[in-house]
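One-letter residues, chain by chain:
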Amino acid sequence: MVIVKYTVEQKNNWDEFVRNSKNGHFFFQRDYMEYHSDRFEDFSLMVFDDKDKLISVLPANIKDNILYSHQGLTFGGFLVDDKMKTETMLEIFESLKVYLKSQNIEKIIYKCIPYIYHTKPSEEDRYALFRNDAKLIRRDVTTTIDLENRIKYQEQRKRSIKKAIKNELLFQESKDFKSYWNVLEEILNNQHDAKPVHSIEEIERLANLFPDNIRLFVAIKDNKVLGGTLVFENEITIHTQYLANSFEGRNVGALDFVIDKLINEVYQDKKYFDFGISNEDAGRFLNTGLIAYKEGFGARAVVHDFYELEIK
């Protein structure tokens, strides 16, 4: 088994493997990962077997002799295909420790890929982490709807959706990311004294690179955007990103209206509808108001686990 650091010459090989993996995500494609290459020192790894066949990849970066999987992404451990078996993953971890020690790397911070992004069971790495005495250091909680086995909306959400319909809001997909970003930035600044992680230039570039995966949906009244969300779409799971609801939008149920349309019309044939995390302080603080809003649509807890593995 051979582990090598990713180079640009391996781009096509990497991307093809990600596309065919059983626990992949479009943001593991190199065109997505490279958008923030100026912020992170990439140290992504590729694992080949004794027949020189690629059997796994690990999106990663390095900082202060620590390997992270990957600080610029929400999650991402070893990506694997149908042929991966638990014994093989144990061998990969043994090879990984030897390789990282040779690179003077002292430990790895490993973010597991939540099962809702697996098209097939893919937790070989979790068992390998346990076998290697990795330490759980952080646990975020995301909220997810199982679209094949739903929980009913709370009454407050139902009332809000009815209010939006009564006010004749228009639901539509939009390509005008710039206008939405202006609304989003104003809301984040006024309500949370915050800014979007992505700049408008980054989002427009990524949406152009991945038009089938990054989509924007909004609620409009009198040609004015009142609320909406960016959506990251994968094979079985969609993830809302940058939810926004203006002051006027809150009064007429704009965001609830958009979410309901996505759940019951646009993405009714997907398996999971994921709202994202409601944590701060490495998972120790739960934003109870935010998670209660998401749970109002019938979403329930799925954890994002982070492990620390010392390289000895």
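Details of the structure are given in the entry above.
Presented here is an overview of the structure given in this document. All values derive from a computational prediction rather than experimental measurement.

Considerations on the sheet that holds strand β6 (residues 66-69)
Taking strand neighbours across the sheet as the criterion, the 11 strands line up as β2-β5-β6-β8-β17-β9-β14-β13-β12-β11-β10 in an open arrangement whose pairing is mixed. A strand with exactly one partner marks an edge of an open sheet, and here the two such strands are β2 (41-42) and β10 (170-174). As paired strands, strand β12 (residues 224-233) and strand β13 (residues 237-245) are joined by 6 bridges and run antiparallel to one another. Within β13, the residue paired with F232 across the bridge is H239. Contacts between helix α9 (residues 254-266) and the sheet are confined to β9 (135-146), β10, β11 (214-221), β12, β13 and β14 (272-277), with β12 contributing the most and set at about 40° to the helix.

A look at unusual backbone geometry
The residue after S69, namely H70, is reached through a cis peptide bond having omega -15°. Of note, H70 is situated in the loop between β6 and β7 (79-80). One non-glycine residue, D52, lies in positive phi territory at about 65°. Tracing the sequence through the fold places D52 in the loop between β3 (45-48) and β4 (54-58).

A look at the packing of aromatic side chains
Within this structure, the stated rule accounts for 26 aromatic pairs. Residues F78 and Y110 carry aromatic rings whose centres are separated by 6.2 Å and whose planes lie at 45° to one another, so their mutual orientation is tilted. Here F78, found in the loop between β6 and β7, pairs with Y110, found in strand β8 (residues 107-111); they are 32 residues apart in sequence, far enough to count as distant. With a relative accessible area of 1%, Y110 lands in the buried category. Plain terms: the ring middles of W181 and Y242 are 5.0 Å apart, the flat faces sit at 75° to each other, and that makes the pair edge-to-face.

Some words on the sheet that holds β7
Ordered in space as β1-β3-β4-β7, the 4 strands form an open sheet in which the pairing is antiparallel. Since the sheet does not close on itself, it has two edges, and those belong to β1 (2-5) and β7, each with one partner. In this sheet, β4 lies alongside β3 in antiparallel orientation, the contact comprising 4 bridges. The residue of β4 that forms the bridge with V47 is S56. Across the sheet, helix α1 (residues 11-20) lies against β3, β4 and β7, angled at about 90° from β4, the strand it touches most.

Thresholds, definitions, all that
Per chain, residue numbering runs from 1 following the sequence as it is written. The model is predicted, so local features are restricted to residues of pLDDT at least 70 and side-chain atom pairs to those at 80 or more, both for listing and for counting; the totals for chains, interfaces and linings are taken over all residues. Each side-chain value is worked out from all heavy atoms of the structure, with water and hydrogens disregarded. Two strands make a pair as long as DSSP finds a minimum of two bridges between them. Runs of H or I in DSSP of at least four residues are treated as helices and runs of E of at least two as strands, each being numbered from the N terminus. Throughout, a residue-residue contact means that at least one pair of heavy atoms, one from each residue, lies within 4.5 Å. Simply put, an axis is a line fit to the C-alpha atoms, just over the touching stretch for a helix, and the angle between two N-to-C directions goes from 0 to 180 degrees. Here a Phe, Tyr or Trp ring, Trp counted by its six-membered ring, pairs with any other such ring whose centre lies within 6.5 Å, and the pair is stacked when the planes are under 30 degrees apart, edge-to-face when over 60, and tilted otherwise. Using a 1.4 Å probe on the protein chains alone, a residue whose accessible area is under 20% of its type maximum counts as buried, one over 50% counts as exposed, and one in between counts as partly exposed.

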